[in-house]
Amino acid sequence: MTDRHAQGMQTRRAVLGDAHVDRAEAAKSDLDRPFQDLITESAWGTVWSSDAITKRERSMLTLALLAATGNFEEIPMHVRATARTGATKRDVMEAFQHVAIYAGVPRANHAIKLAKQTYAEMEAASE
């Protein structure tokens, strides 16, 4: 295992939580292991581990980019991560307002719907 992989796994756990990462690791197979190693090293070990911007800012950018590009499947995971990155609900809504202006209202609208559902689930789980 490389240093970048180890750093990536540490950052991934800090942002997404141990339970999420443990589930993902348990689901990993020989088929997707090279892809999982790639994202652990590049996305988590390089991009998310950089200290050039804060984890809060990185969360906002990630959510905006996911919504703007129509990659809605990962939005709930990254909304849940805001509990650990420090991005507030208001931060997330501000990011989605940028999406509405620069990438389209329907994409922002769908992202907001997903965020609202995810926040409701998070609040129900904490009761």
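Look up: the structure comes first, before these words.
Computed from a predicted structure; not experimentally measured. Throughout, a residue's number is its position along its own chain's written sequence, starting from 1. pLDDT decides what is reported in this predicted model: residues at 70 or higher carry local features, side-chain atom pairs at 80 or more are listed and counted, and totals for whole chains, interfaces and linings draw on all residues regardless. Excluding hydrogens and water, the side-chain values take into account all heavy atoms of the structure.

## Topic: the overall build of the chain
The following threshold applies: Under the DSSP-based scheme used, a helix requires at least four consecutive residues in state H or I and a strand at least two consecutive residues in state E, with every element numbered from the N terminus. Burial here depends on accessible area, computed with a 1.4 Å probe over protein chains only, as a share of the maximum for the residue type. Under 20% is buried, over 50% is exposed, and the range in between is partly exposed.
Secondary structure summary: the chain contains 7 helices and 0 strands in total. In the chain, the order of α-helices and β-strands from amino to carboxyl end is α-α-α-α-α-α-α. Over its C-alpha atoms, taken along the principal directions, the chain stretches across nearly 40 × 35 × 30 Å. A buried classification covers 35% of the 127 residues belonging to the chain.

## Side note on the packing of aromatic side chains
The condition that has to hold: Pairing of aromatic rings covers Phe, Tyr and Trp, the last through its six-membered ring, and needs centres within 6.5 Å; plane angles under 30 degrees mean stacked, over 60 mean edge-to-face, and all others mean tilted. Two conditions define a charge sitting above a ring: the NZ of Lys or the CZ of Arg must be within 6 Å of the ring centre, and it must be within 35 degrees of the ring normal.
If you walk through the whole model with that rule in mind, you get 1 aromatic pair. Cation over ring: Lys89 sits above Tyr119, and NZ or CZ is 5.1 Å from the ring centre.

## Looking at the layout of surface pockets
The line we're drawing: Using a 1 Å grid laid over the protein atoms alone, points where a 1.4 Å probe fits but cannot get out form a cavity; open sets with protein on both sides within 12 Å along at least 5 of 7 lines form a pocket; any residue with an atom within 4 Å of a point counts as lining. Grid points are joined across faces, edges and corners, and a volume is the space filled by probe spheres set on the points. Amino acid classes used here: Ala, Val, Leu, Ile, Met, Phe, Trp, Tyr, Cys and Pro are nonpolar; Asp, Glu, Lys and Arg are charged; the rest, including Gly, are polar.
Empty space within the largest pocket amounts to approximately 340 Å³. Forming the boundary of the largest pocket are 18 residues, of which Arg12, Ile39, Trp44, Glu74 and Met77 lie nearest the centre. Of all the elements in the fold, those that place two or more residues in the lining of the largest pocket are helix 1 (3–16), helix 2 (18–27), helix 3 (33–47), helix 4 (55–68) and helix 5 (75–85). Ranked by residue count, the leading element in the lining of the largest pocket is helix 3, at 5 residues. Residues belonging to the lining of the largest pocket are distributed by class as follows: 10 nonpolar, 4 polar and 4 charged.

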